[in-house]
Amino acid sequence: MIKRKLFVVILVLFMGLSVSAVTLDELNNSLLQMGFSVPRDELPSVNFILDNLNGESGELEDYRGSVVFLNFWATWCGPCRMEMPSMQVLYDTYRDEGLEIVAVNQGESKRVVENFIEDNSYTFPVLMDTNQMVGAMYGVRGIPTTYIIDRDGNILSMLVGTREWDTEEIFTLFDDILAY
């Protein structure tokens, strides 16, 4: 009798977990419907090492195990400036659930970027791609460009252009991405 009850409890837990999990196909369909590009096959992200605003080296690999929102941007870019407040809201909402935002500045001086980040009270990590080599490695042709990388380091999607990152639709998407 106890074994049967234990089996039922395990079965209910398993069924509950399987119902709430999202498949990669479902996730890809959601991303495509929202205008993201999705790789056809598994696409590993390319590791890189850049300095942060404190002059310390940081690398993409440091964030393995988290979902990474990799955003290429510049202070002079109007669309970049428009989306950054909503990026901060997304970061504040999901960082405790495993989301990391890594904002990679394209070609500007540390001083300019530091002032911009401080003036706007952004708290997500910022890395300096002063020679824009990392942007080139990722095929960035326009900014802002955002890549979403899964916990295993594979690129889930890419989006060129600005977006409001603090909408219910985006929150639902990130609920699914973080559950994947």
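See the structure above.
Criteria and cut-off values
Residues numbered from 1 in each chain as written. Predicted model: local features only at pLDDT ≥ 70, side-chain atom pairs only at ≥ 80, totals over all residues. Heavy atoms only, no water. 1 Å grid on protein atoms, 1.4 Å probe; cavity = no way out; pocket = protein on both sides within 12 Å on 5 of 7 lines; lining within 4 Å. Points joined across faces, edges and corners; volume = space filled by probe spheres on them. Helix = DSSP H or I, 4+ residues; strand = E, 2+ residues; numbered from the N terminus. Nonpolar A, V, L, I, M, F, W, Y, C, P; charged D, E, K, R; others polar. Expected span 1.5 Å × (residues − 1). Buried < 20%, exposed > 50% of the residue type's maximum accessible area, 1.4 Å probe, protein only. Arc of directions from axis to C-beta. Contact = heavy atoms within 4.5 Å.

**Examining the layout of surface pockets**
One number sums up the size of the largest pocket: a volume of about 210 Å³. For the largest pocket, the lining is made up of 14 residues, of which L24, D41, E42, I155 and L156 are closest to its centre. Going through the elements one at a time, α2 (24–33) and β7 (155–160) are the ones with two or more residues in the lining of the largest pocket. Residues of the lining of the largest pocket, tallied by class, amount to 7 nonpolar, 2 polar and 5 charged. Within this model, the second largest pocket holds a volume of roughly 160 Å³. S37, V38, P39, L43, P44, V46, M137, Y138, Y147, I155, S157 and M158 together form the lining of the second largest pocket. If one sorts the elements of the lining of the second largest pocket by residue count, β7 sits on top with 3 residues. Residues that form the lining of the second largest pocket fall into these classes: 10 nonpolar, 2 polar and no charged.

**Points about helix α6 (residues 168–179)**
Compared with the 16 Å implied by 1.5 Å per residue over 12 residues, the 16 Å span of α6 between its first and last C-alpha is a close match. Where α6 is concerned, the buried positions are I170, F171, L173, F174, I177 and L178. Across the axial projection of α6, the buried residues extend over an arc of 160°, all falling on one side. If you follow the buried residues of α6, they end up packed against α2, β3 (67–73), α3 (78–94), β4 (99–106), β6 (145–149) and β7.

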